[in-house]
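Chain by chain, the residues run as shown.
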Amino acid sequence: MHAARALLEGKPLEGLWFDRTQEYGARHRGEEYERDRFATRETVTLSPLPCWEHLSPEDQKENVAELVREIEEEAAAQREATGKTVLGRAEVLKQHPHQRPNRPKKSYASLVHAASRKVRLALYEGYRVFVAAYREAADRWRAGERGVIFSVGSFPPALPFVGG
């Protein structure tokens, strides 16, 4: 599903939602059923982006068209630079949906998803500072200092049990 056409034409997105739980139950009970028995037609109406709410619908469509054009130009330039080509609809549909790539990427997923590397590094640094402050406060707490203030979003560690 893609929203560009709906945004450009101002029409809602329509599609089928399949209730796989109901399908599983019917299969488990040995029932025979038609493909669309557990399908429900759903409509998604898109709202304007908050930053574009003040614009007329025509201006919003023009902005979407401009964004799509920029994305297409960037993709074309990247394909030209790398020499890669587009498979196309027919080739994509020929592929089995569970087929794995011949050479999958082996890098680990990022711990934090961010808009840029700079933002991701800033988040890592912020978390590092948070953990360091927590550990310092926790050490003072365990040493018996009860006036310690912990960072927002953290809790003091449990004190050891002392039997009576």
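Description of the structure in this document. (Residues numbered from 1 in each chain as written. Predicted model: local features only at pLDDT ≥ 70, side-chain atom pairs only at ≥ 80, totals over all residues. Heavy atoms only, no water.)

### Comments concerning the overall build of the protein chain
Helix and strand content of the protein chain: five helices and two strands. When the helices and strands of the protein chain are read in sequence order from the N terminus, they spell out α-β-α-β-α-α-α. Expected size for 164 residues packed as a compact globule is a radius of gyration near 15 Å; at 27 Å, the protein chain overshoots this value by more than 25%. Seen along its three principal axes, the alpha-carbon backbone of the protein chain occupies a region of about 70 × 55 × 45 Å. Expressed as a percentage of contacts within the protein chain between residues at least 6 apart in sequence, the contacts between residues at least 24 apart total 31%. Accessible area for the protein chain stands at about 14,800 Å²; split by element, carbon and sulfur atoms hold 55% of it. Computed over 26 positive and 24 negative side-chain charges, the inter-centroid distance for the protein chain is 10 Å. (Helix = DSSP H or I, 4+ residues; strand = E, 2+ residues; numbered from the N terminus. Rg over C-alpha atoms; globule rule 2.2 N^0.38 Å. Contact = heavy atoms within 4.5 Å. Areas by Shrake-Rupley, 256 points an atom, 1.4 Å probe, with all protein chains shown as cover. Lys, Arg positive; Asp, Glu negative; His and termini not counted. Charge placed at Lys NZ, Arg CZ, Asp CG, Glu CD.)

### Things to note about a nonpolar patch on the surface
Taken together, L7, V44 and L46 make up a surface patch of nonpolar side chains, about 210 Å² in accessible area. Mapped onto the secondary structure, L7 falls in helix α1 (residues 4–9). Looking at L7, the relative accessible area reads 35%, which means it is partly exposed. (Patch = residues over 30% accessible without salt bridge, like charges linked within 9 Å, V, L, I, M, F, W, Y side chains within 5 Å. Salt bridge = Lys/Arg side-chain N within 4 Å of Asp/Glu carboxyl O. Buried < 20%, exposed > 50% of the residue type's maximum accessible area, 1.4 Å probe, protein only.)

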